[in-house]
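# Analysis of the macromolecular model
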Amino acid sequence: MVKIMANQNDNQYNTKEKTRRTMIGGQALLEGVMMRGKTSVAMAVRAPSGEIELHTERLKKQSKAAKIPVVRGVISFVSSLAVGINSLLKSAEVSVPEDEAPSKTSTVIATIIGVVLAVGLFVGIPLFISFAIRKWTSFDNIAVISVIEGVSRLLIFIIYLALIRLMKDIKRTFMYHGAEHRTINCYEKGLPLTVENVQSCSTKHNRCGTTFIFFVVVFAILIYALLNWVFSLFTGYEYLFENFFFKLLIRLALLPLIAGLSYELLRGLALLPDNKFTDVIRAPGLALQKLSTCIPDDDMAEVAIAAFNAVLELDSQPNKGTMDFYERDFAVERKKLADRLPDNPQDADWIYCEILGKSRGELGGVEKIKIGQVKQANKYADRLLAGEPLGYVLGNAEFCGIKLKVDNRVLIPRFETEVLAEEAVKLVSGRDKARVLDMCTGSGCIAAVIAKNTAAQVVAADVSDEALEVAKANLSGLGAEVVKSDMFEGIDGKFDLIVCNPPYIRSAEIEGLEKEVTCQPHIALDGGEDGLKFYRVLADKAGEYLTDGGAIMMEVGYDQAQDVINLFKKIGKSRIIKDLDGKDRIVICEK
């Protein structure tokens, strides 16, 4: 229905409906649209994935010459040509699948060949026609021949548009051209930039490049006719003025002047009020736009709107940063990811800290992020939503300021265990040649904190070969010894401190825990029927491995502290340290 209305609207184009004017112009790209404002350029391209990729950049500040009539037209023409070619090259990088994308070198060569062919087609052939008439016939009316040259140029242009319009890819580009016009028209009418509103507007626009080219043809007819008349006044120089290549060079040299005059006419018409006089002058250009524009689909309108909104925003915010293709606004993506994780929205920050290699405090200074990084973050979020713990997703966990490697071979260190590690450091700090045993070391997190922050000789022990592999990686370079031992079976010598975070969850309770806990190694969770299995082993054997005055320090379950104290009465007196939540968490028994 929208497209039917749009077709009717195209036949009733009326600039009097406009309520505001903008000097924003545009260009159709490969599967996209470029919009150019006063200070910026924005390109929106539909990638093969279906996503709209956006690229924005600032225009260089205009020189004083850019304000001189006619000269400014030449500058604008050259600048627009450069920006247009650059935009086409960039859009190709996005719109064409990576395995099919041409190299930059081949693209540049193709562009150069295209420019040469365009000059030959629209300048060389019309000149050749007029040259052939004068040379091979007796007809010598300069005015008529000049008109023939101009009309042939216009006919070639019309035939060219009609033929390339039949090509599928070119027709899609013309559809994006129509989307560009409709979007600008929608804005100038004062309507909200929605797909429905844009699709209700005309595909024609007064400032279109097609109209500009028509004006170029008109001025070329007038100026080349004048040139032919001037040349006819110089008798005796026919060998020069009648030379085809000399005439071609002169015409090419005059193109900037013709472009400048055409620009001034186009600009002047845009500023003039709408009336019958301006409508008549605009009419041929608007008619030609029937060939250079096609009715766009809704997806194309969406692309054009994205480009237009981006250039509007940049023009209105001089300090806003630009964006490359496949980049996203980090603040927006950060919020999106947090919204995907409503139970633990802070995990979004930890994910981006890992991906960007920044601390959480530094995230506020990040403005842009690559789409690949966004996709990676969402893959991490998918794993979290499937019940995988954050440490496994990231492959690491921070513990007492140390970044540790963790995976499904070990238990992920918890904040409660940091209390145990910090208390252990306090106990052995300042002691000369103290020996510390970290029993059930797992990832080696406690051993790493003690080895890094004290001069103690640390031994890290565990029964799991897989866990010991992780512990060795985390303790590398810290001077700690890693040994395989089923509790005390492989331990030699005495220690000033034994620290242990043993499995202490009751066997029957494990399956009822959250999935992100139950997916961790059960050998590091299961403390037997009552959760005290390993504390009994510690209570029976620890005394043999402690020096006089030595201590054993253990993490316990929230309701196990008193039971553990009762087990260790035969070794010595115990005391309790609470965690940050006020729960009994650490039991220390001194021999």
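About the criteria used
Residues numbered from 1 in each chain as written. Predicted model: local features only at pLDDT ≥ 70, side-chain atom pairs only at ≥ 80, totals over all residues. Heavy atoms only, no water. Helix = DSSP H or I, 4+ residues; strand = E, 2+ residues; numbered from the N terminus. Rg over C-alpha atoms; globule rule 2.2 N^0.38 Å. Buried < 20%, exposed > 50% of the residue type's maximum accessible area, 1.4 Å probe, protein only. Pairing = 2+ DSSP bridges. Axes fitted to C-alpha atoms, helices over the stretch in contact; angles between N-to-C directions. Contact = heavy atoms within 4.5 Å. Patch = residues over 30% accessible without salt bridge, like charges linked within 9 Å, V, L, I, M, F, W, Y side chains within 5 Å. Areas by Shrake-Rupley, 256 points an atom, 1.4 Å probe, with all protein chains shown as cover. Salt bridge = Lys/Arg side-chain N within 4 Å of Asp/Glu carboxyl O. Lys, Arg positive; Asp, Glu negative; His and termini not counted. Charge placed at Lys NZ, Arg CZ, Asp CG, Glu CD. Parallel < 35°, antiparallel > 145°, perpendicular 65-115°, else oblique. Left-handed = near helix turned anticlockwise from the far one by under 90°. Nonpolar A, V, L, I, M, F, W, Y, C, P; charged D, E, K, R; others polar. Core = buried A, V, L, I, M, F, W, Y, C linked by side-chain atoms within 4.5 Å. Disulfide = S-S within 2.5 Å. Phe/Tyr/Trp six-rings, centres within 6.5 Å; stacked < 30°, edge-to-face > 60°.

So, on to the overall build of the protein chain. A tally of helices and strands in the protein chain yields 21 helices and 15 strands. The globule rule puts the C-alpha radius of gyration for 591 residues at 25 Å, and the 39 Å found for the protein chain is more than 25% above it. Viewed in the frame of its principal axes, the protein chain has a C-alpha envelope of about 125 × 50 × 40 Å. Looking at the protein chain as a whole, 46% of its 591 residues are labelled buried.

The mixed open sheet is built from seven strands, whose spatial order is E11-E10-E9-E12-E13-E15-E14. The outermost strands of the open sheet, each flanked by one partner alone, are strand E11 (481-484) and strand E14 (573-578). Neighbour-to-neighbour, the strand axes of this sheet turn through a mean angle of 20°, independent of strand direction. The pairing of strand E9 (residues 435-439) with strand E10 (residues 457-462) spans four bridges and is classified as parallel. If you follow aspartate 438 over to E10, its bridge partner there is alanine 460. Against the sheet, helix H16 (residues 415-428) makes contact with E9, strand E12 (495-500), strand E13 (546-555), E14 and strand E15 (584-590), and its axis sits at roughly 165° relative to E13, the strand it touches most. Against the sheet, helix H18 (residues 465-475) touches E10 and E11, its axis set at about 175° to E11.

On to a positive patch on the surface, then. On the surface, Lys38, Lys61, Lys64 and Lys67 cluster together into a positively charged patch. Tracing the chain through its elements places lysine 67 in the loop between strand E4 (52-58) and helix H2 (71-95). Assessed through its relative accessible area of 65%, lysine 67 is described here as exposed.

Their axes nearest at 8 Å, the elements helix H7 (residues 209-233) and helix H10 (residues 276-292) cross at an angle of 125°. One way to sum up the angle between H7 and H10 is to call them oblique. Here H7 runs over H10; the crossing is right-handed. Together, Thr210, Thr211, Phe214 and Phe215 of H7 and Ile281, Pro284, Gly285, Leu286, Leu288, Gln289 and Ser292 of H10 make up the contact between the two elements. Of the residues in the contact of H7 with H10, the class split is six nonpolar, five polar and no charged.

The next point concerns the sheet that holds E4. Taken in spatial order, the four strands of this open sheet run E1-E2-E3-E4, and their pairing is antiparallel. Each edge of the open sheet carries a strand with a single partner, namely strand E1 (25-29) and E4. The mean angle between the axes of side-by-side strands here comes to 15°, regardless of whether they run parallel or antiparallel. As paired elements, E1 and strand E2 (residues 32-36) share five bridges and run antiparallel to each other. Following the sheet pairing, glycine 26 is matched in E2 by methionine 35. Relative to strand E3 (residues 40-46), H2 is tilted by about 30°, and along the sheet it contacts E1, E2, E3 and E4. With respect to the sheet, helix H5 (residues 168-188) is in contact with E1, E2 and E3, its orientation differing from that of E1 by roughly 155°.

Quick look at the packing of helix H13 (residues 346-356) against helix H14 (residues 371-385) now. It is at 10 Å that the axes of H13 and H14 come closest, and there the two elements cross at 135°. If you check the angle between H13 and H14, you find them oblique. The way H13 lies across H14 gives a crossing that is right-handed. Here Asp347, Ile351, Tyr352, Ile355 and Leu356 of H13 come into contact with H14, specifically with Gln373, Val374, Gln376, Ala377, Tyr380, Ala381 and Leu384.

On to the nonpolar core. Met35, Tyr176, Leu193, Val198, Ile258 and Phe308 are the most contacted members of the largest nonpolar core, which totals 44 residues. Tallying contributions element by element places helix H11 (residues 298-316) first for this core, with nine residues. In this structure, valine 198 is in contact with Ala179, Arg182, Thr183, Cys186, Leu193, Ala301 and Ile305, ignoring residues within four places of it in sequence. Of all hydrophobic cores here, the second largest spans 31 residues; its members include Leu420, Val436, Val458 and Ala480.

Take the state of the cysteines next. Taken as a whole and assessed by the stated rule, the structure comprises zero disulfides. Unpaired in this structure, cysteine 353 has its nearest cysteine sulfur neighbour in cysteine 400, at a distance of 18 Å. Taking relative accessible area as the criterion, cysteine 353 reaches 9% and is therefore assigned buried.

Our focus in this paragraph is the packing of aromatic side chains. One pass over the structure, following the stated rule, counts four aromatic pairs. On the numbers, 5.0 Å between centres and 50° between planes, the contact of tyrosine 187 with phenylalanine 308 is tilted. Here tyrosine 187, found in helix H5, pairs with phenylalanine 308, found in helix H11; they are 121 residues apart in sequence, far enough to count as distant. Classification of tyrosine 187 as buried rests on a relative accessible area of 17%.

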